[in-house]
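So you can see what is in the structure, the chains are spelled out below.
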Amino acid sequence: MTTKLPYIETSQLRAALTLLKMSDDVRLITNCIHINAEHIEVSNGHVVLRMKHNSEFSDDIVIQFDEAIPSDAEYTHIKSYDDGSYVAIHYKQEKDENFYPSYKTKLTLIKDKYPSFNRLFEQEFIKGEAPLIQAMYLALPYLLFGRVITGILKTKNNKNVLFNFSSMTKEAFGDPKLLVLPVADNAFDITDKVYSLIKDDD
């Protein structure tokens, strides 16, 4: 039986990087990954993703991946050096079913402090008609985690939306918390007015 490595599952890092690609926001926070002793966190400015990595990693760092993650990597060791730098060492499974280091990815360490999203995730989320969100974010569960089953929860004040996942997805991806900021309540009215103005100009 294959032994699980004490490193971060690479699928979690791929999910984090996929979310970052869904924004052209130039702010530093939307272009880096926060990893501490418990969680991996990313935000593209409209969505926040938090996952438990359940690995033997105890640092608290904010990093950027300077290179793509190999498609066949299954575990990633975020290794630190005496000079304060970090590198990602990726492990893949070989024919003997054991995992071996096969690639290294350069990382850029960001000195800025990462913001806390605890307040967002500590809110009470309930079932009900969800507020309006951008359509592309409805595809996030599939883009980040594959063909999973999901539901949508919301806060009582309709300020935030949280995707709810099955136990299988929670086990595979470290109990992912995927939170989306809705658009304005009158977004349909605004788009209808813009559409009317365009039609009038034709």
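Our structure is the block above this text.
Source: prediction; values computed, not measured.

### Brief notes about unusual backbone geometry
Thought 1: Positive phi outside glycine occurs at Asn54, with the angle close to 50°.
Thought 2: Examined against the element boundaries, Asn54 turns out to sit in the loop between strand 4 (47–52) and strand 5 (61–65).
Thought 3: Of note in the backbone geometry, Asp175 takes a positive phi value of approximately 50° without being a glycine.
Thought 4: Residue position: Asp175 is located in the loop between helix 4 (167–172) and strand 12 (177–180).

### Side note on the packing of aromatic side chains
Thought 1: Within this structure, the stated rule accounts for 5 aromatic pairs.
Thought 2: Their ring planes at 80° and their centres at 5.8 Å tell us that Tyr114 and Phe117 sit as a pair that is edge-to-face.
Thought 3: The exposure class of Tyr114 is buried, given its relative accessible area of 8%.
Thought 4: Cluster of aromatic residues (ring-pair linked, three or more members): Phe145, Phe165 and Phe173.
Thought 5: A cation over a ring is seen here: Lys79 above Tyr81, with NZ or CZ 5.5 Å from the ring centre.

### Details of the pattern of salt bridges
Thought 1: In total, this model carries 5 salt bridges according to the counting rule given.
Thought 2: Of the charged contacts in the structure, one is a salt bridge between Asp72 and Lys92, with a shortest N-O distance of 3.4 Å. Of this pair, Asp72 sits in the loop between strand 5 and strand 6 (75–80) while Lys92 sits in strand 7 (residues 86–93), and the two are 20 residues apart along the sequence.
Thought 3: The class of Asp72 is partly exposed, set by a relative accessible area of 29%.
Thought 4: Two residues, Lys177 and Asp175, come together in a salt bridge whose shortest N-O distance is 3.6 Å.
Thought 5: Under the relative-accessibility criterion, Asp175 is labelled partly exposed at 22%.

Parameters and conventions
Residues numbered from 1 in each chain as written. Predicted model: local features only at pLDDT ≥ 70, side-chain atom pairs only at ≥ 80, totals over all residues. Heavy atoms only, no water. Helix = DSSP H or I, 4+ residues; strand = E, 2+ residues; numbered from the N terminus. Phe/Tyr/Trp six-rings, centres within 6.5 Å; stacked < 30°, edge-to-face > 60°. Buried < 20%, exposed > 50% of the residue type's maximum accessible area, 1.4 Å probe, protein only. Lys NZ or Arg CZ within 6 Å of the ring centre and 35° of its normal. Salt bridge = Lys/Arg side-chain N within 4 Å of Asp/Glu carboxyl O.

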